[in-house]
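Spelled out from the first residue to the last, the chains are:
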Amino acid sequence: MENGNNKMANKFTNIMSKTSDLSKKAADFGKKAADELQKSAKELGEQTQKTLYGQRMKHYNPLFREEFFHDEFRVPNVIKIVDATTRRGIDVCEGAIGWTEKVKGVDVLFVYDEFVPESKIKFVPFVKCDTVYCVDIFECDKYISSDTIFDSAMNEKTAELEQVAYCLGAKNYSIEFIETNSALQLHSLGINANSKNIGTSFDELNFTQSNSFQRRKNVTDFEQNKVLREPILKWFKNDEILKNLISMRLSGDSTIKRKHLTFQGAFSETISEKNAMAIDVLIKGGALMEKRVKKERTTSIILDIEF
């Protein structure tokens, strides 16, 4: 009887031992599964954060010092100076010197005012927050305020032609700017594509043309300069007629007593129409800059020189 009890006890002990092992294995498996789940959740959270951070970087597109001063970085043609606090508190913008953005298909640099001295960019006539500047077509590190860029260009053109007259020994000269607004209208007599009267002559159509002029003239007389020298050209350096006049005068040709030259504004544009359209969006001023570009194209500059 005693042997039977011992066998039963041993059997019970074995069962309990196996049960304990199974429980331990189940606990270990559960812990491992929980750890794996926690690890997956952490990795998913980190990946989500990275994705969101990348999206914010793409949206704000911040520009940092190391990028700005990198040899391959090209400063856009249009810059707007903005307050340094504009994007304060945005994590991806911490430490940035501004940002870049496309406006009407044009790359624009929005630079913080506090970074301007470090940028080494020359802003003309002076640095002003919330002001838009466009690159000088002759000096890539010089940017001119959109408020003054056309007047500045006109003054430069006038000064350049004055220097031409003086260097070539003129007795007197006049510089005249003529802005022409021409509108050509065609009024049909109700004829359409389905009309049987296809043979209508031009006499049966009504053409009207209107022109308006704005003139500005600068006339100067001075004591004739006897020492001729070659003038430095910038705006008019590609004008062949002017270059020919300079060549003849410097060669000692004294038969030239008077010269009349006309320069079309389209050949000395201050800024491109595309840049002008982008600036109009930035300054929220309608199409003022675009209109100025179109007006410049219709402006003639007339130079009369007497030797």
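Above this note sits the structure.
Given the structure is predicted, the values throughout are model-derived calculations rather than measurements. (Residues numbered from 1 in each chain as written. Predicted model: local features only at pLDDT ≥ 70, side-chain atom pairs only at ≥ 80, totals over all residues. Heavy atoms only, no water.)

On to the overall build of the protein chain. Scanning the protein chain for helices and strands turns up 7 helices and 11 strands. The buried share among the 307 residues of the protein chain stands at 32%. Long-range contacts, defined here as pairs at least 24 residues apart, represent 72% of the contacts in the protein chain between residues at least 6 apart. Just so you have it, the protein chain exposes about 20100 Å², and 53% of that area is on carbon and sulfur atoms. (Helix = DSSP H or I, 4+ residues; strand = E, 2+ residues; numbered from the N terminus. Buried < 20%, exposed > 50% of the residue type's maximum accessible area, 1.4 Å probe, protein only. Contact = heavy atoms within 4.5 Å. Areas by Shrake-Rupley, 256 points an atom, 1.4 Å probe, with all protein chains shown as cover.)

In this model, Val124 is joined to Pro125 through a cis peptide bond whose omega is 5°. Locating Pro125 in the fold gives a position in the loop between β5 (122-124) and β6 (132-135). The phi torsion at Asn61 lies on the positive side, around 45°, for a residue other than glycine. Note that Asn61 resides in the loop between α1 (2-60) and β1 (62-63). With a phi angle near 65°, Asp130 is a residue other than glycine that sits in the positive phi range.

Along an α-helix, residues three or four positions apart point the same way, because every turn accommodates 3.6 residues. Inspection of helix α7 (residues 288-297) places Met289, Glu290, Val293 and Glu296 among the buried residues, and these make up the whole buried set. The buried residues of α7 all sit within an arc of 120° when viewed along its axis, so they share a single face. Packed against the buried residues of α7 are α4 (149-167), α6 (273-283) and β11 (299-306). (Arc of directions from axis to C-beta.)

Looking now at the sheet that holds β1. Ordered by their spatial adjacency, 7 strands build an open sheet running β1-β3-β4-β2-β6-β7-β5, and the pairing between neighbours is mixed. Strand pairing shows two members of the sheet lacking a second neighbour, β1 and β5, which therefore form its edges. Of the strand pairs in this sheet, β5 and strand β7 (residues 142-145) are connected by 3 bridges, and their pairing is parallel. The residue of β7 that forms the bridge with Val124 is Ile144. (Pairing = 2+ DSSP bridges.)

Below, the discussion takes up the pattern of salt bridges. In this structure the tally under the stated criterion is 14 salt bridges. Of the charged contacts, one joins Lys234 and Glu156 as a salt bridge, the two residues approaching to 3.1 Å between their closest N and O atoms. With Lys234 in the loop between β9 (206-221) and α5 (240-250) and Glu156 in helix α4, this pair connects stretches of sequence that are 78 residues apart. Through salt bridges with shared partners, one network takes in Lys122, Asp136, Glu139 and Lys142. (Salt bridge = Lys/Arg side-chain N within 4 Å of Asp/Glu carboxyl O.)

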